[in-house]
There are 2 protein chains.
Amino acid sequence: MTQNIYDNAEFFAGYSQLGRSVGGLAAAAEWPALWAMLPEMRGLTVVDLGCGFGWFCRWAREQGATQVLGLDVSENMLGRARAETSDTAIVYERADMERLVLPATTFDLAYSSLVLHYVADLGRLFAEVRRGLAPGGAFVFSIEHPIYMAPTAPGWSVDATGRKTWPVDRYLVEGPRTTNWLAEGVIKHHRTIGTTINLLIRTGFEIAHVEEFCPTEEQISARPELLEELERPMFLLVAARVSST
Amino acid sequence: MTQNIYDNAEFFAGYSQLGRSVGGLAAAAEWPALWAMLPEMRGLTVVDLGCGFGWFCRWAREQGATQVLGLDVSENMLGRARAETSDTAIVYERADMERLVLPATTFDLAYSSLVLHYVADLGRLFAEVRRGLAPGGAFVFSIEHPIYMAPTAPGWSVDATGRKTWPVDRYLVEGPRTTNWLAEGVIKHHRTIGTTINLLIRTGFEIAHVEEFCPTEEQISARPELLEELERPMFLLVAARVSST
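Residues numbered from 1 in each chain as written. Chains lettered and ligands numbered in written order. Predicted model: local features only at pLDDT ≥ 70, side-chain atom pairs only at ≥ 80, totals over all residues.

Caption draft 1: The environment of Glu228 of chain A, seen in detail. As for its position among the elements, Glu228 of chain A is in the loop between helix H9 (217-222) and strand S11 (235-242). Remark: the alpha-carbon pair of Glu228 of chain A and Thr165 of chain A, spanning 63 residues in sequence, is separated by 9.4 Å. (Helix = DSSP H or I, 4+ residues; strand = E, 2+ residues; numbered from the N terminus.)

Set out below in structure tokens:
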């Protein structure tokens, strides 16, 4: 199964203190860009793959979604998600993204935020999402950008002239990457943008929008630390829809 | 108009000595991958945007294309292209990619190899290609990869441990990049992969395949200098088709 790092006490303690864990969607710089890629939510049946604390599930209901299924592998996350709502139209269930089984032809929207880079067999998951979507259904997700994930030693470098760069290597060597982020030995799966897009096309999706997240000028004014995000992308945002052909 | 660097004597002399200028398609490492993305050529009407010496135009005819139009802004390139064939089904014409006008609904395939990064207004060009393609037509191109093009100072860096990296900066700052490749002041236009894909979708294309070129094991065995290409991608290969919706 997927490495369940969110049930590691050290990792979970660290994760719970991230800005986006405390402040929810509004604290995630990429959220406005991802929101712009979402369909109008009113009347939709929605599944959230890796729902975490349930921020998106609750937002979807506020926006008028009819039914929301939040899936996560972490009991820690699901526990807090369940505690934060009494809305019976939101159902939280435990699910391993490597073995996900969805009811067929059910959802109008599948959503996933920063989870898919933990999945080893992405083709299997995409096919299952495709099977679970109704005709015309949308799949919108964010994933760590491969430039961010590829390097042997991901991080900033400052050259002799003071220029800050992100040294890339192994970009075309796909496969696991082990990092120490909040805990030791967190395993992520590096793939090129091309591989992710081609997996979607091959499993029956049509590409609608691809965005390498860039903070807006307004965001940088409000949070100057975002300026460095212009140097290299951290997040890849993708919108696809069930292919009509 | 597009900077016509190929009619700069210094640039043209250097370019004429590149492996791919002497050896043609077979000398371009990315050619087999690009070929695999092309439709069966028999019976097709083809346009090559930036045909250079005409290697692809002649190959298309050998593969059974019915008519081939080769377009280039460089008189140097067109002169040599014309001199190398007596095939009347290949027509070479001078064209500036910034102002291209194609006959409507005419071509089954538009092809372009390593030219589009010289084009400032790519949306205009994509719309014109779309207009020139017949229903079901394909658009297959290679372009310099944005990782390759983005940095202030593109090139390899070797860190203290001997690790070779490609330091990236300004990835999300789109716009012109001036490099000294074969001549001083060659202007290229940096865009993210997302921008290129979204421009295609917005101008009426459906994405069929996206590949960040990676040499095969066989290619690396035959040409060990290709091993470093695994560290960062040099070429982005894209196949799109006229959208049916």
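Next comes the rest of the write-up.
Caption draft 2: Broad picture of the pairing of strand S3 (residues 90-94) of chain A. Sheet analysis places strand S2 (residues 67-72) of chain A next to S3 of chain A, joined by 5 bridges and oriented parallel. Looking at the pairing, Leu69 of chain A lines up with Val91 of chain A of S3 of chain A. (Pairing = 2+ DSSP bridges.)

Caption draft 3: Just the interface of chain B and chain A, in detail. On the chain A side, the residues contacting the 35 residues of chain B number 35 residues. Mapped onto the side of chain B that touches chain A, the elements with two or more residues apiece are strand S7 (164-168), helix H8 (193-202) and strand S10 (205-212) of chain B. Take the side of chain B that touches chain A: its biggest share by element is 7 residues, from S10 of chain B. Per-class residue counts for the side of chain B that touches chain A are 16 nonpolar, 9 polar and 10 charged. Relative to S7 of chain B, strand S7 (residues 164-168) of chain A runs antiparallel, the two sharing 3 bridges. (Contact = placed C-beta atoms within 7 Å. Nonpolar A, V, L, I, M, F, W, Y, C, P; charged D, E, K, R; others polar.)

Caption draft 4: Structural view of unusual backbone geometry. The phi dihedral of Arg170 of chain A falls on the positive side, at around 55 degrees, and the residue is not glycine. With 18 C-beta atoms counted inside 10 Å, the residue Arg170 of chain A sits in the partly exposed group. (Buried ≥ 20, exposed ≤ 12 C-beta atoms within 10 Å, placed from the backbone.)

Caption draft 5: Structural context of the environment of Thr179 of chain A. Residues and elements named next belong to chain A. Mapped onto the secondary structure, Thr179 falls in strand S8 (residues 175-181). On the neighbour-count criterion, Thr179 (15 C-beta atoms within 10 Å) is partly exposed. On a C-alpha basis, the gap between Thr179 and Ala153 in space is 8.6 Å, while along the polypeptide they are 26 residues apart. Beyond its immediate stretch of four places on either side in the chain, Thr179 contacts Pro154, Val186 and Lys188.

Caption draft 6: Summary view of the relation of the copies chain B and chain A. Each copy of the sequence occupies a distinct position, and chain B is placed on chain A by a rotation of 180 degrees and an axial shift of 0.0 Å, giving an RMSD of 0.0 Å. The transformation just described matches what one would write down for a two-fold rotation axis. Ranked by how close their C-alpha atoms come to the rotation axis, the residues of chain B are headed by Pro167 of chain B, at 1.9 Å. Take the interface residues of chain B: 100% of them recur as interface residues in chain A, which is what a same-surface contact looks like. (Least-squares fit on C-alpha atoms with pLDDT ≥ 70 in both.)

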